[in-house]
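Here is what each chain is made of, one letter per residue.
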Amino acid sequence: MFRTTTPNIEQLKSDFISEVLKDEKYSISKFDVINETDGKNDNYNAIIDVTYDYDNVEYHRQYELFYKKYKEWVFADSSDYNEDTWEVKPTTAPSASDYTENCKSQLLKTIKYDKFEPVDSKTTVDLEAKTATFVYSVESKTDIRKISGEINFYYEFNDEKGEWVYKKFSYADSYNKKYDLMKTWTGSSKPYLSEKDTDEEVTFKFETTKCEGKSDKGEGSIQGVLTYNDEKHDLTGTISDTSNNSVTLVLYDKDEKIKFVMYIKSDGSTLADVDLNYNPNELIYFADQKTKYNDIEMSLN
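Conventions we followed
Residues numbered from 1 in each chain as written. Predicted model: local features only at pLDDT ≥ 70, side-chain atom pairs only at ≥ 80, totals over all residues. Heavy atoms only, no water. Patch = residues over 30% accessible without salt bridge, like charges linked within 9 Å, V, L, I, M, F, W, Y side chains within 5 Å. Areas by Shrake-Rupley, 256 points an atom, 1.4 Å probe, with all protein chains shown as cover. Salt bridge = Lys/Arg side-chain N within 4 Å of Asp/Glu carboxyl O. Lys, Arg positive; Asp, Glu negative; His and termini not counted. Charge placed at Lys NZ, Arg CZ, Asp CG, Glu CD. Helix = DSSP H or I, 4+ residues; strand = E, 2+ residues; numbered from the N terminus. Buried < 20%, exposed > 50% of the residue type's maximum accessible area, 1.4 Å probe, protein only. Contact = heavy atoms within 4.5 Å. Phe/Tyr/Trp six-rings, centres within 6.5 Å; stacked < 30°, edge-to-face > 60°. Lys NZ or Arg CZ within 6 Å of the ring centre and 35° of its normal. Pairing = 2+ DSSP bridges. Axes fitted to C-alpha atoms, helices over the stretch in contact; angles between N-to-C directions.

Undergrad: So what's going on with a positive patch on the surface? Which residues, and what values?
TA: On the surface, Lys 141, Lys 146, Lys 178, Lys 214 and Lys 217 cluster together into a patch of positive charge. On the secondary structure map, Lys 146 appears in strand β9 (residues 145-158). A relative accessible area of 47% places Lys 146 in the partly exposed class.

Undergrad: Tell me about the environment of Tyr 252, residues and numbers included.
TA: Counting through the fold element by element, Tyr 252 comes out in strand β16 (residues 246-252). Residue Tyr 252 is classed as partly exposed on the basis of its relative accessible area, which comes to 22%. As a C-alpha pair, Tyr 252 and Ile 28 span 224 residues in sequence and 74 Å in three-dimensional space. In this view, Tyr 252 contacts Asp 234, Leu 235, Thr 236, Ile 258, Lys 259 and Tyr 278; residues no more than four positions away in its chain are not counted.

Undergrad: Describe the pattern of salt bridges, and please don't skip the residues or the numbers.
TA: Under the criterion given, the structure shown has 10 salt bridges. For Lys 89, the salt bridge goes to Glu 58, with nearest N and O atoms at 3.7 Å. With Lys 89 in strand β5 (residues 87-90) and Glu 58 in strand β3 (residues 57-69), the pair connects residues that are 31 residues apart, well separated along the chain. Take Lys 89: its relative accessible area is 41%, and that puts it in the partly exposed class. Take Glu 58: its relative accessible area is 22%, and that puts it in the partly exposed class. Where Glu 150 meets Lys 122, a salt bridge forms, and the shortest distance between an N and an O atom there is 3.0 Å. Separated by 28 residues along the polypeptide, Glu 150 in strand β9 and Lys 122 in the loop between β6 (115-118) and β7 (124-126) bring together distant segments of the chain. Glu 150 sits in the buried class, given a relative accessible area of 16%.

Undergrad: I'd love a proper account of the side chain of Thr 51, names of residues and values included.
TA: You can see Thr 51 is positioned in strand β2 (residues 43-54). Beyond its immediate stretch of four places on either side in the chain, Thr 51 contacts Ser 27, Ile 28, Ser 29, Lys 30, Glu 58, Tyr 59 and His 60.

Undergrad: Describe in detail the packing of aromatic side chains, supporting the description with residues and values.
TA: In total, this model carries 27 aromatic pairs according to the counting rule given. Judged by centre distance (5.5 Å) and plane angle (50 degrees), the ring pair of Tyr 252 and Tyr 278 falls under tilted. Taken together, the positions of Tyr 252 in strand β16 and Tyr 278 in the loop between β18 (270-275) and β19 (292-300) put the pair 26 residues apart, joining distant regions of the chain. Judged by its relative accessible area of 15%, Tyr 278 falls in the buried class. Grouping aromatic residues by their ring pairs yields a cluster made of Phe 16, Tyr 26, Phe 31, Tyr 52, Tyr 54, Tyr 59, Tyr 63 and Trp 86. One residue, Lys 168, lies across the ring of Tyr 154, its end atom 5.4 Å from the ring centre.

Undergrad: Before we move on, can you summarise the sheet that holds β18 with the specific residues and values?
TA: Read around the closed barrel, the 8 strands follow the order β12-β13-β14-β15-β16-β17-β18-β19; overall the barrel is antiparallel. Pairwise comparison of adjacent strand axes, ignoring direction, gives a mean angle of 30 degrees for this sheet. Direction of pairing for strand β12 (residues 184-189) relative to β19: antiparallel, over a ladder of 2 bridges. Bridge assignment links Thr 186 to a residue of β19, and that residue is Ser 299.

Note that all results are geometric; they support no functional claim without further evidence.
Take a look at the structure:
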């Protein structure tokens, strides 16, 4: 009795690699034909159950392969099959060293770390839960601020992408920012509403004389002396850590007639606003008012 031949399993596997995966770098660990047609009418379909590995990831999937018979059986097409059974899982724990640049990119670009190194002994990976935590030891030193400690970066394995993807980061208990605000700054500016031909620049100098509270943490109180036009004024005010990259000082003289605000970045560069005729009830800057100096570029002495 005549029996119609069908593609053998070696042809199915070879065609699957070249036509479906389109990459010989995949390593197939399991390849089973779980259903097939008899090849009559020069058509043949096979449903395969396959497990393959690529780049430390294991894929378990099912596909339907379609063939046409000419002189020989020729691969025609494929389709995904029974996708509810598909599984993807990592087979090897990721190394923090491979994710250093990706971790750096999640942080503020304005903070430049002099040290950013993985602490491999603190890396934790759960392949079943598909989670990983990388720990980095960091240091940063500028004229105003010193940072040291560790940052945790959390990753999850993404089945669709077949790769580990960043989720979030957190500062470890060891992460510490320490400010040194006992400094002197100088900058010059014309009044905010300046008449260019007649107004002259005024040079402002601010010298910190005392810091209290948690000033090293970017919080607390501050005292200093503001000097301009041969005048000196004692100021007091507050320190606030307004972001991961700057602190803000807001100070007044004893009569609250002078208001001095400085926005200090971690590298010491500073913008300051000065109001020499401060009125807390004022809502509008009037055109004849020339006692305000805004966005003064201050530099460390």
